[in-house]
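Inside the fold
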Amino acid sequence: MNTQSDRPILGISMGDPAGIGPEIVIKSLADPEILNLCTPVVLGDFKILKQADFNYKILQKLVITDDLISDSSNFPKGFLLQLSSLNPDVTKLGHPTPETGRAMETYINTGVDLALSGAIDALVTGPITKTGLKLAGSPFHGHTELIAHKTGTENFAMMMAGPRLKVVLTTIHIPLSQVPGRLSSMEITRIINLTRETLITRFGIPSPRLAVAGLNPHAGEQGMFGNEEADVILPAVLQAREKGFDITGPLPPDTVFFHAVEGRFDAVICMYHDQGLIPFKLVHFRDGVNTTIGLPIIRTSVDHGTAYDIAWTGKADPTSMKEAIKMAAVQAVNQKRHGNRNGN
């Protein structure tokens, strides 16, 4: 897409039409800071968004189109790419349907295609549900798996990022009992390398300071509480240190996050899901952002679900969506500075 603006062009998928996605998209675009920061390309449904736009009149500022490229010459404030035409009554259901599931998957797939082609600089995704994808017949459990498959990416990871804390997960959605068996020095090394490269190219941190959390209490206490630290985690840390990385660990999990929040580390590499997400959400419950690292495109997302219980009541908090948009813009600008538009 050729433009006369230096603002990054961000695709913003609406998420599940029956959830809070449409509301937080409209509320975010009602913030002048967001529209000054980027040019939005909303991937969604006009009828659904119109219901969420009752007081803001945001849709009047967007070009409604079903063909982004042919309508991009005038380059207005932004676009709404009309990708579905659902019955607005779905907003009253409080749960996904096969139709909403197919729509949310279409928004994501279109966003990925636009990012891969260079038509947008990054993709920001609204909240969806595994149930909705399943009802639509999708084989994927969520955004990450779907986007990784569509982009042919195997080397990726989940980062939760906020102004004070960034955590990257070595294992994600598996039972806690399976975590020790899934850990390997090779996998931890992969996550370390990916985290460092992402902090440099997409967050603009030239010399990232990394911390690696141990698995066991007190990071094993010299083998008293487990051997994973010495046998699995430490070899990966030493290998990274030999390459000149600024990296510390394995550190006791009950203290490492405090030091990161205090500014000692730029990111903490965690061994399992709740080890990283409990402290992260304690600090960034409202303004946390989920960003998938390692993809050939920039993708950020809200750090919450569809919240059907408050959907379409006007109570949805757009803070996480705003932060996801801001982070996508920052990553897009930094990546352009590194001369690498699509990928680390």
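That block above? That's the structure.
Now for a look at the structure at hand. (Residues numbered from 1 in each chain as written. Predicted model: local features only at pLDDT ≥ 70, side-chain atom pairs only at ≥ 80, totals over all residues. Heavy atoms only, no water.)

**A look at the overall build of the chain**
Secondary structure assignment for the chain yields 12 helices and 12 strands. Principal-axis analysis of the C-alpha atoms gives the chain an extent of 60 × 40 × 35 Å. The burial tally for the chain puts 56% of its 344 residues in the buried class. Expressed as a percentage of contacts within the chain between residues at least 6 apart in sequence, the contacts between residues at least 24 apart total 74%. In the structure as shown, the chain presents an accessible area of about 14,700 Å², 51% of it carried by carbon and sulfur atoms. Across the chain, the centroid of the 31 positively charged side chains sits 5 Å from that of the 34 negatively charged ones. (Helix = DSSP H or I, 4+ residues; strand = E, 2+ residues; numbered from the N terminus. Buried < 20%, exposed > 50% of the residue type's maximum accessible area, 1.4 Å probe, protein only. Contact = heavy atoms within 4.5 Å. Areas by Shrake-Rupley, 256 points an atom, 1.4 Å probe, with all protein chains shown as cover. Lys, Arg positive; Asp, Glu negative; His and termini not counted. Charge placed at Lys NZ, Arg CZ, Asp CG, Glu CD.)

**What to know about the layout of surface pockets**
Put simply, the largest pocket is a space of about 800 Å³. What lines the largest pocket is a set of 34 residues, and nearest its centre among them are Lys130, Thr144, Met158, His173 and Asn290. Where the lining of the largest pocket is concerned, the elements lending two or more residues are α6 (143-150), β6 (157-161), α8 (185-201), α11 (273-284) and β12 (299-302). Class assignment of the residues belonging to the lining of the largest pocket gives a composition of 12 nonpolar, 13 polar and 9 charged. (1 Å grid on protein atoms, 1.4 Å probe; cavity = no way out; pocket = protein on both sides within 12 Å on 5 of 7 lines; lining within 4 Å. Points joined across faces, edges and corners; volume = space filled by probe spheres on them. Nonpolar A, V, L, I, M, F, W, Y, C, P; charged D, E, K, R; others polar.)

**Details of the packing of helix α1 (residues 21-29) against helix α12 (residues 319-337)**
Running from N to C, α1 and α12 cross one another at 60°; their axes reach a closest spacing of 9 Å. Classified by the interaxial angle, the pair formed by α1 and α12 is oblique. For the element pair α1 and α12, the recorded crossing hand is right-handed. The segment α1 lies against α12, with Ile24, Val25, Lys27 and Ser28 engaging Met321, Lys322 and Ile325. Grouping the constituent residues of the contact of α1 with α12 by class yields 4 nonpolar, 1 polar and 2 charged. (Axes fitted to C-alpha atoms, helices over the stretch in contact; angles between N-to-C directions. Parallel < 35°, antiparallel > 145°, perpendicular 65-115°, else oblique. Left-handed = near helix turned anticlockwise from the far one by under 90°.)

**What about the sheet that holds strand β2 (residues 39-44)?**
The mixed open sheet is built from 12 strands, whose spatial order is β3-β4-β2-β1-β5-β12-β11-β6-β7-β10-β8-β9. Only two strands of the sheet have a single neighbouring strand rather than two, namely β3 (63-65) and β9 (246-251). Within the sheet, the average angular offset between the axes of one strand and its neighbour, ignoring direction, is 25°. In the sheet, β3 pairs with strand β4 (residues 79-82) via 3 bridges, with the strands oriented parallel. Each residue of the ladder has a partner; that of Thr65, found in β4, is Leu81. Set on the sheet, α6 makes contact with β5 (122-125), β11 (289-293) and β12; between it and β12 the angle comes to about 165°. Contacts between α12 and the sheet are confined to β1 (9-13), β5, β6, β11 and β12, with β12 contributing the most and set at about 170° to the helix. (Pairing = 2+ DSSP bridges.)

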